[in-house]
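# Breakdown of the fold
The lines below spell out each chain.
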Amino acid sequence: MNFGTIGAGTVAQAIAGHLVAAGHKVTLGNSRGPDTLLDVVTRLGPLASAGTAAEAAAADMVFLTVMWPQVGDVLAGLPAWDGRILVDTTNTFADVEVGTASEFVADRAPGARVVKAFNTLYAPYIAADPRRAEGRQLLFYAGDDGAAKADFREVADGLGFAPVDAGSLREGGRLMQIGGPLSALHALKQD
């Protein structure tokens, strides 16, 4: 499986760092173009590459890490998803037109199998090694596609996180959104 990030800020770099450390190839893409990411991919190592947002979106599993106001425009400019997995890491402080932010994302990315994840954690908790002496960092995720959630769970577990299925995009998304009971809940699972 290959990976991509749409956006290349703190969250994208943290996730990419875990992917590269686990031996996966990842393409980081942003709106400013690949040339602006040369320092980032050099720091991440030879398994990381810079590309356009469309090139990053061609990966098997793609992490959407842009700021909320950019979500609609970014997704509108991408090619068809054709069943690839889109992991929505975004948060919104505003009400959305449909039930949850991830349902909004799914509506704007037809053909994508959307999984909500990483949005409940502050960036330093994403970047840190999820494996600690006391246990592994919990990582809540939600989605409507069982196979996509299983693939995501396997990847997250392989990165060292302790993935916890929070349910569907609607129910789990509400639990995970800002103000929900799982938002900013940083906990460790004892193995």
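Just above sits the structure.
These lines cover the structure that appears in this document, whether it is placed above or below. Predicted, not measured: the structure shown is a model, and the values here were computed from it.

Thresholds, definitions, all that
- Residues numbered from 1 in each chain as written.
- Predicted model: local features only at pLDDT ≥ 70, side-chain atom pairs only at ≥ 80, totals over all residues.
- Heavy atoms only, no water.
- 1 Å grid on protein atoms, 1.4 Å probe; cavity = no way out; pocket = protein on both sides within 12 Å on 5 of 7 lines; lining within 4 Å.
- Points joined across faces, edges and corners; volume = space filled by probe spheres on them.
- Nonpolar A, V, L, I, M, F, W, Y, C, P; charged D, E, K, R; others polar.
- Helix = DSSP H or I, 4+ residues; strand = E, 2+ residues; numbered from the N terminus.
- Buried < 20%, exposed > 50% of the residue type's maximum accessible area, 1.4 Å probe, protein only.
- Expected span 1.5 Å × (residues − 1).
- Polar contact = N/O pair within 3.5 Å; in protein donor to acceptor, adjacent residues only side chain to side chain.
- Contact = heavy atoms within 4.5 Å.
- Phe/Tyr/Trp six-rings, centres within 6.5 Å; stacked < 30°, edge-to-face > 60°.

### Considerations on empty space enclosed by the protein
- Evaluated as defined, the whole model comprises one cavity of 30 Å³ or more.
- If you add up the space inside the largest cavity, you get close to 50 Å³.
- Thr90, Asn91, Thr92, Thr100, Ala101, Ser102, Lys116, Asn119, Gly173, Gln177 and Ile178 together form the lining of the largest cavity.
- Classifying every residue of the lining of the largest cavity gives two nonpolar, eight polar and one charged.

### Quick look at the layout of surface pockets
- Volume-wise, the largest pocket comes out at about 470 Å³.
- Around the largest pocket, the lining is made up of 23 residues, and of these Val11, Met67, Thr89, Thr90 and Asn91 lie nearest the centre.
- Elements represented by at least two residues in the lining of the largest pocket include exactly helix H1 (10–21) and helix H6 (123–127).
- No other element matches the three residues that H1 contributes to the lining of the largest pocket.
- Classifying every residue of the lining of the largest pocket by side-chain character gives 14 nonpolar, nine polar and no charged.
- The volume enclosed by the second largest pocket comes to roughly 300 Å³.
- Around the second largest pocket, the lining comprises 17 residues; the ones closest to its centre are Gly7, Asn30, Ser31, Val66 and Gln70.
- For the lining of the second largest pocket, the per-class residue count stands at seven nonpolar, nine polar and one charged.

### What to know about unusual backbone geometry
- In this structure, Phe118 takes a positive phi of about 70° despite not being glycine.
- Of note, Phe118 is situated in the loop between strand S6 (113–117) and H6.
- Even without being a glycine, Ala184 presents a positive backbone phi close to 60°.
- Its relative accessible area of 33% is what places Ala184 among the partly exposed residues.

### Considering helix H7 (residues 146–158)
- Across its 13 residues, H7 extends 18 Å between first and last C-alpha, which sits within 8% of the 18 Å expected from 1.5 Å per residue.
- Where H7 starts, the residue carrying a side-chain oxygen 3.1 Å from the main-chain nitrogen of Ala147 turns out to be Asp145.
- Phi turns positive, to about 105°, at Gly160, one or two residues after H7.

### Notes on the environment of Leu159
- Turning to its location among the elements, Leu159 is positioned in the loop between H7 and strand S9 (162–165).
- Between the C-alpha atom of Leu159 and that of Val114, which follows or precedes it by 45 residues, the distance is 19 Å.
- Non-local contacts of Leu159, meaning those with residues more than four positions away in its chain, are made with His18, Leu19, Ala22, Pro130 and Arg131.

### Some words on the packing of aromatic side chains
- Enumeration over the complete set of coordinates arrives at six aromatic pairs.
- Seen from their ring centres, Trp68 and Phe104 are 5.2 Å apart, and the 50° between their planes marks the pair as tilted. Residue Trp68 is located in the loop between strand S4 (61–64) and helix H4 (71–76), and its partner Phe104 is located in helix H5 (residues 101–108); the two are separated by 36 residues in the primary sequence.
- Exposure remark for Trp68: the relative accessible area of 16% places this residue in the buried category.
- Phe104 sits in the buried class, given a relative accessible area of 11%.
- Taken together, a centroid distance of 5.6 Å and an interplanar angle of 85° make the contact between Phe118 and Phe161 edge-to-face. Of the two residues, Phe118 sits in the loop between S6 and H6 while Phe161 sits in the loop between H7 and S9, which places them 43 residues apart along the sequence. You'll find Phe118 and Phe161 in the same group, each marked buried.

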